[in-house]
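# Structural description and commentary
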Amino acid sequence: MHKYNGNYAHLKKPEAIAKAFVQQRLQVAEVDISSCVSDAGRPFDHVYFQQRMQDIEIVNADIAVHLNKKGVIIAHSSNAYKGHASSVRWPELSIRDMIIQQQEALVKFSDHIHRPITRERIGVRRLPIMDGNAATFEVTGVLYAFGAVRSKQVYIQSNHGVLQPAWEFVINTGINYFKAHLSLDGKRVLNVIDWAWTASYSAVPVGFSHVVESGGLRLMTSPHLPDASHRGWHRAGREEKQTTMGNNAVVTIDADEATNQRRLAPISTTQDFRFTYDGRDPDPRANAMASITNVFYVINMMHDIFYRYGFNEPAGNYQQNNFKRGGLGGDAIVAESQVGWEEDNAFFIAREDGVNGLLGLGLYTVNGRKYDLGFDNDVIIHEVTHGLSSRLVGGPAKADCLNAPDSRGMGEGWSDFVAIWTRMKGDDRDDREFRVGTYATPDGLRDYPYALDKHRNPLTYGSIYRDKQWQDEHDIGIVWANILYQMYRNIYHAMDGRFSTDFTTASIEHSNTYTMQIIIDSMQLMPCNPTFIHGRDALIAADAERSDGKYKCEIYTAFAKWGVGAKAKRRKFTLPLMSKLVESNSLPRDCKDYAHLIHAPTTGGFRGRKK
Ligand SMILES: [Zn+2]
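Only a predicted model underlies this, so the values are computations on that prediction, with no experimental measurement involved. (Residues numbered from 1 in each chain as written. Predicted model: local features only at pLDDT ≥ 70, side-chain atom pairs only at ≥ 80, totals over all residues. Heavy atoms only, no water.)

### Structural notes on the UniProt feature "active site" (unreviewed entry) in the chain
Heads up, the condition is: UniProt positions are given in the numbering used here, feature names are shortened, and annotations may be inferred rather than shown by experiment. Helix and strand assignments come from DSSP, with helices taken as H or I runs of at least 4 residues and strands as E runs of at least 2, each series counted from the N terminus. We call two residues in contact when some of their heavy atoms are within 4.5 Å. Think of a polar contact as two N or O atoms within 3.5 Å of one another; within protein, one of them needs to be a possible hydrogen donor and the other a possible acceptor, and neighboring residues in sequence only count if both atoms come from side chains.
The UniProt entry lists Glu383 under the feature "active site" (unreviewed entry), expressed in the numbering used here. Considering the arrangement of structural elements, one finds Glu383 in helix H4 (residues 377–392). Glu383 has contacts with Ala346, Phe347, Phe348 and Leu359, leaving out every residue within four places of it along the chain. A distance of 3.3 Å separates a polar side-chain atom of Glu383 from the backbone nitrogen of Phe348.

Put into structure tokens, the structure is as follows:
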């Protein structure tokens, strides 16, 4: 073994000294100098190496050597591959096999970033230039890429020091600049680097109720869905905003309560919005930047999720720039954290398409302690869902189609339902109860929990009419959201518990995502100022469209159980007046087989379709 004498200074040039050190002392035989930073005005030189094997680049095998001006090595770092040089080899492949592998790999990668493409469109052409012994290629037909995709053969080293051959692709999508590595069979994405700026947010992940339930803030890195926000969350025009402003949302706080003139927001030139949340600090201002960041994250996340379920530009969503995809722009959601210092409130003002939605999140005071609703995802999601329902019901040009008593209640009910929907789990049972807004009030904001058991939530459609006590829109909303919860559970059982843990997918093959899909479809299918009966029929129509009416009786049974059965009657009023209502538990003739479910024991009573 070569003995290192600590000084190769006789070799003079820093590159030569460093290379001798790497090959003799570090015993890494095959290396290329990838760069040398040598500046007469600075005290150190830096030489960077790329390890190769059989003259093919090894990804994740970087070496750096740092020298002083006397040629003495003062520091070095290496994660070179340490295994035997001949232990792994690229297999001998025909060009045709190489092309097929790359097509498979690109289909896989495109699914991975949620921009699926078909294999047939992908053209792969070998380039005359070699990179050492590695063949290089040009790929066309990747629809979301700007210009041609470049690819080549590489080796990749895993974190555990295991080496394998891989395909490397360099893909520019406009907002991302990916360098991706895939296994030869195209089945596994081994590594993805995005050269574009990533944005990070300390936030309560959508899927948790609030900051205490999530165990504090978590770092979310580039959470945006590229198909829904294709320029990311910080860019409406050419310029990238270095604060909580962008195409879908502008979030600030009022810095000066007296004048309402000066607004504050976090600033980051690298889109790195990291803050801590201190739950013990009694002064909400101490957590203001974290609050703004979370509100910005949740509004944007919901924009992207709703987008996938159909709340896009033509449907009237909230975006500053609609990128010529239809609908009216100029209407990002303008939100404020810690609004109205003394008020226990949150609000959303929804107007027609083309007018900004306004969201305010206040401080909720309990026993003298102020809870910042900007950390309560249930509340934020509830409010932005008002923005969704008021644009979808009656069309984007009208935001006044949720004004009759049932309709106002449906608006509230959808908002609660979407909040609890993000929190559902695949192994939930029928006896799971949901409460919303439990950050400030442990029992939640509603008089009853969402529950399928009538002993735990007794409110039915008839309660609205019979008892003045239940005529507030939030109480009517309890009935509506609970019917939707029941409907979801019925569909869940009919689908044998198929559940998608990624609720952004809008998959119609899974019960939770299917439920959200038909709910959002139904909003567009019902009349202005709908009653619960219109709402039921619109869901049935949406189901007929999406799956040939496969779940009609699951939907009907949920409604009939809670009083909106086949014989239910309601006079439609456009004014906020209570009109006559007839409750019904009956089913249409073609769902008669489901009658036993209406009066069945309310927990665990649903076991799929009756044969
Ligand atoms: Zn509300």
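What follows continues from the structure just given.
### Some points on a nonpolar patch on the surface
Note the threshold: To count toward a patch, a residue needs a relative accessible area over 30% and no salt bridge; like charges are then connected within 9 Å, while nonpolar side chains (Val, Leu, Ile, Met, Phe, Trp, Tyr) are connected within 5 Å. We get accessible surface area from the Shrake-Rupley algorithm with a probe of 1.4 Å; when it comes to residues, only the shown protein chains can shield them. By salt bridge we mean one thing: a side-chain nitrogen of Lys or Arg within 4 Å of a carboxyl oxygen of Asp or Glu. Each residue gets one of three labels from its accessible area relative to the maximum for its type: buried under 20%, exposed over 50%, partly exposed in between, using a 1.4 Å probe on protein chains only.
A contiguous nonpolar patch, built from Val334, Phe347, Ile349 and Leu358 and spanning about 290 Å² of accessible area, is present on the exposed surface. Within the secondary structure, Phe347 is located in strand E17 (residues 346–349). When its relative accessible area of 34% is taken as the criterion, Phe347 is described as partly exposed.

### What to know about the coordination of the zinc ion
Each angle at a metal carrying four tetrahedral donors should ideally be 109.5 degrees, and each at a metal carrying six octahedral donors should ideally be 90 or 180 degrees. How we decide: In this listing, donors mean N, O and S atoms no farther than 2.8 Å from the metal, or 3.2 Å for Na, K and Ca; water is missing from the atoms, so a site can look incomplete.
Distances from the zinc ion to its protein donors, His382 (NE2), His386 (NE2) and Glu412 (OE), fall within 2.0 to 2.1 Å. All donors of the zinc ion come from a single chain, and their spacing in sequence reads H-x3-H-x25-E. Taken together, the residues span about one helical turn, with His382 and His386 both in helix H4 at a distance of four residues. Grouping residues by exposure puts His382 and His386 together as buried.

### Section: the state of the cysteines
To keep things clear, this is the line we draw: The disulfide criterion used throughout: a pair of cysteine sulfur atoms within 2.5 Å.
Under the criterion given, the structure shown has two disulfides. Two residues share a disulfide in this structure: Cys401 and Cys528, whose sulfurs sit 2.0 Å from each other. Its S-S torsion of about -95° marks the bond between Cys401 and Cys528 as left-handed, since a negative value means left-handed. Here the residue Cys401 occupies a position in the loop between H4 and helix H5 (405–421), and Cys528 occupies one in the loop between helix H8 (511–525) and helix H9 (532–547), the gap between them amounting to 127 residues. You can call Cys528 partly exposed: its relative accessible area is 23%. For Cys553, the disulfide goes to Cys591, at an S-S distance of 2.1 Å. Given an S-S torsion of about -80°, the disulfide between Cys553 and Cys591 has left-handed geometry. Taken as a pair, Cys553 in helix H10 (residues 552–561) and Cys591 in the loop between strand E22 (581–582) and helix H11 (595–598) lie far apart in primary sequence, 38 residues in all. When its relative accessible area of 11% is taken as the criterion, Cys553 is described as buried. Counting only the cysteines that form disulfides, in the order they appear in the chain, gives the pairing 1-2, 3-4.

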